[in-house]
Amino acid sequence: MTLKIAVIGCGSIAKHRHLLEYDINEHVEITAVCDVVQERAEEAAAKYQAKAYTDYKELLKKEDIDAVSVCLPNYLHASVSIDALDAGAHVLCEKPMATSTEEADQMIEAAKRNGKKLMIGHNQRFVTSHQKARELIASGAIGKVYSFRTAFGHGGPEAWSADGKDSWFFKKDEAFIGAMGDLGVHKADLIRYLLQDEFVEVGAFVETSAKENTDIDDNATLILKSEKGIIGTLVASWAYTAKEDNSTIIYGEKATLRLEDDPTYSLVTQYANGEIVKYELGAIQSNDEGGQTTTHVIDHFIDSIQNDAAPLIDGVEGKKSLAIILGALESVKTKRIYSLEK
Ligand SMILES: NC(=O)c1ccc[n+]([C@@H]2O[C@H](COP(=O)([O-])OP(=O)(O)OC[C@H]3O[C@@H](n4cnc5c(N)ncnc54)[C@H](O)[C@@H]3O)[C@@H](O)[C@H]2O)c1
């Protein structure tokens, strides 16, 4: 059965990932698209032979849609996802999932009540080097894990967003959080996935030091401690002016794993006995390539609908990753280490 898809928000992530990846998925057809900026909706509609809308509620009312991608500014994720779920559609929502745990709970509840899938777009889990590292850690190949450092930084969203330097990314009431929510939440999700462990404590510093057009964080550094006692740092930045950094290093008893740190070998394993194993697994997707590679997010979402299986990053998973950055904000506010344990 061909699934009818609607993409709500026709900005950069829709253009470079969602629309493109739905288009090459043989099980779907892009039926409708929506953007408040009419030309953006019309441009996407013309490219994919879909119907253009400027009001997503009208789209949900008029079209019989099976699944929706929510590619909107962060403050709209919860309300639009819930409306789409209530209209009977499965939802793939971009990250960060929501702006609060209450909103995340409402999204999870809406998916449950309607018997629909809710997936969050944490594409880092689908990167081959990350999947291989997870396997190595789980198999015991690197022994006990002691610590990590993970970073995600680039020059900022002005070069990416459809609205450039006037983007919602820089507006607190629309974004609610800066680099930490744009990039840091991806790494929060990744490190949970790699270590198969949950974080219990977080401390953070955030600064608005590089951008002049905003009052939200453009540099954030978190310290984290897990249930198993693994400690590490998570850094997110919109001020890595020369080059993107998307690397993660895991330090274990028997080996160190270097992920996305070498331009050729996306995973390098340095064993304590001196042996070095380099894996050439293909590079991580970068926004710089204009969508030349696929993130596997869309294919996974469609598979989960067709096989009636829980998506790898469902609402509950998205909420756990969100909780880390919300906890970091609490730490900044209170100038204390914040406990993530309920
Ligand atoms: N998974 C990833 O790696 C990744 C990468 C970039 C962005 N994102 C996420 O994707 C989402 C969208 O970001 P983007 O980079 O595409 O931003 P963008 O600024 O390029 O596009 C956002 C679009 O939403 C439209 N819009 C705003 N309000 C609307 C409304 N009420 N109804 C319909 N359209 C509306 C805007 O006109 C704009 O075209 C964000 O949540 C962001 O965090 C994810």
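Read on for a plain summary of the structure.

Definitions and limits used
- Residues numbered from 1 in each chain as written.
- Predicted model: local features only at pLDDT ≥ 70, side-chain atom pairs only at ≥ 80, totals over all residues.
- Heavy atoms only, no water.
- Phe/Tyr/Trp six-rings, centres within 6.5 Å; stacked < 30°, edge-to-face > 60°.
- Helix = DSSP H or I, 4+ residues; strand = E, 2+ residues; numbered from the N terminus.
- Buried < 20%, exposed > 50% of the residue type's maximum accessible area, 1.4 Å probe, protein only.
- Lys NZ or Arg CZ within 6 Å of the ring centre and 35° of its normal.
- Expected span 1.5 Å × (residues − 1).
- Contact = heavy atoms within 4.5 Å.
- Polar contact = N/O pair within 3.5 Å; in protein donor to acceptor, adjacent residues only side chain to side chain.
- Axes fitted to C-alpha atoms, helices over the stretch in contact; angles between N-to-C directions.
- Parallel < 35°, antiparallel > 145°, perpendicular 65-115°, else oblique.
- Nonpolar A, V, L, I, M, F, W, Y, C, P; charged D, E, K, R; others polar.
- Pairing = 2+ DSSP bridges.
- Core = buried A, V, L, I, M, F, W, Y, C linked by side-chain atoms within 4.5 Å.
- Domains from an automatic or database assignment.
- Near = heavy atom within 4 Å.
- Areas by Shrake-Rupley, 256 points an atom, 1.4 Å probe, with all protein chains shown as cover.
- Salt bridge = Lys/Arg side-chain N within 4 Å of Asp/Glu carboxyl O.

With that settled, consider the packing of aromatic side chains. Enumeration over the complete set of coordinates arrives at 4 aromatic pairs. A ring pair is formed by F148 and F199, whose centres lie 5.8 Å apart and whose planes are at 65°; its orientation type is edge-to-face. Of this pair, F148 sits in strand β7 (residues 145–153) while F199 sits in strand β8 (residues 199–207), and the two are 51 residues apart along the sequence. The exposure classification of F148 matches that of F199, with both residues buried. Ring centres 5.5 Å apart and planes at 75° place the aromatic pair F170 and W238 in the edge-to-face group. Here F170, found in the loop between β7 and α7 (172–175), pairs with W238, found in the loop between β10 (231–237) and β11 (248–252); they are 68 residues apart in sequence, far enough to count as distant. Both residues of the pair, F170 and W238, belong to the buried class. An aromatic cluster is defined as three or more aromatic residues linked by ring pairs; in this entry it consists of W168, F169, F170 and W238. In this arrangement the basic side chain of K187 is found over the ring face of F152, its NZ or CZ atom lying 5.5 Å from the centre.

Moving on to helix α10 (residues 315–334). Along its 20 residues, α10 runs 28 Å from first to last C-alpha, staying within 8% of the 28 Å computed at 1.5 Å per residue. Looking at α10, one finds that the buried residues are G315, E317, G318, S321, L322, I324, I325, L326, G327, A328 and S331. Of the surrounding secondary structure, the elements contacted by the buried residues of α10 are α5 (101–114), β6 (118–120), α8 (179–195), β8, β9 (219–226) and β15 (338–339). By the N-cap criterion, in which a side-chain oxygen at the helix start approaches the backbone nitrogen of a residue two or three places on, α10 is capped by D314, the distance to V316 being 3.2 Å. Of the residues one or two after α10, K335 is the one with positive phi, at around 55°.

Quick look at the packing of α5 against α10 now. Running from N to C, α5 and α10 cross one another at 175°; their axes reach a closest spacing of 10 Å. In terms of their interaxial angle, α5 and α10 are classed as roughly antiparallel. Counted together, T101, A104, D105 and I108 of α5 and G315, V316, K319, L322 and L326 of α10 form the full contact between these two elements. Residue composition of the contact of α5 with α10, by class: 5 nonpolar, 2 polar and 2 charged.

Before going further, it helps to spend a moment on the sheet that holds strand β3 (residues 51–53). What the 6 strands build is an open sheet, ordered β3-β2-β1-β4-β5-β6; its pairing is parallel. Looking at strand neighbours, the two that pair on one side only are β3 and β6, the edges of this open sheet. Averaged over all pairs of adjacent strands, the angle between strand axes in this sheet comes to 20°, irrespective of strand direction. The sheet contact formed by strand β5 (residues 90–93) and β6 spans 3 bridges and is parallel. Along β6, the bridge assignment pairs L92 with M119.

Glancing now at the environment of L76. Checked against the element boundaries, L76 lands in the loop between β4 (67–70) and α4 (77–86). Note on L76: relative accessible area 23%, which makes it partly exposed. The spatial distance from the C-alpha of L76 to the C-alpha of E103 is 10 Å, given a sequence separation of 27 residues.

On to the nonpolar core. Y22, V33, V68, L195, L222, I250 and I302 are the most contacted members of the largest nonpolar core, which has 88 residues in total. For this core, the element with the most residues is α8, which contributes 7 residues. Mapped onto the domain boundaries, this core takes at least three residues apiece from domain 1 (3–123 + 298–313) and domain 2 (125–288 + 319–339). Discounting residues that sit within four places of it in the chain, L222 has contacts with M180, V202, G203, A204, G232, T233, L234, I324 and A328. The next biggest cluster of nonpolar side chains, apart from the first, holds 11 residues, and it includes W168, F170, A175 and L183.

The local shell around the ligand holds 23 residues, among which D35, H77, W160, S161 and A162 are the closest. Take H77: an N or O atom from its side chain is 2.8 Å from an oxygen atom of the ligand. Residue W168 places a side-chain N or O atom 2.9 Å away from an oxygen atom belonging to the ligand. In isolation the ligand offers 850 Å² of accessible surface; the protein chains occlude 91% of this area. Tallied by class, the residues present in the shell around the ligand amount to 11 nonpolar, 8 polar and 4 charged.

Let's shift gears to the pattern of salt bridges. The final tally for this structure, using the stated rule, is 16 salt bridges. We note a salt bridge from R40 to D163, for which the minimum N-O separation is 2.8 Å. Here R40 is found in helix α2 (residues 38–48), whereas its partner D163 is found in the loop between β7 and α7, with 123 residues between them in sequence. A salt bridge links D308 to K117, with the nearest nitrogen and oxygen atoms 2.7 Å apart.

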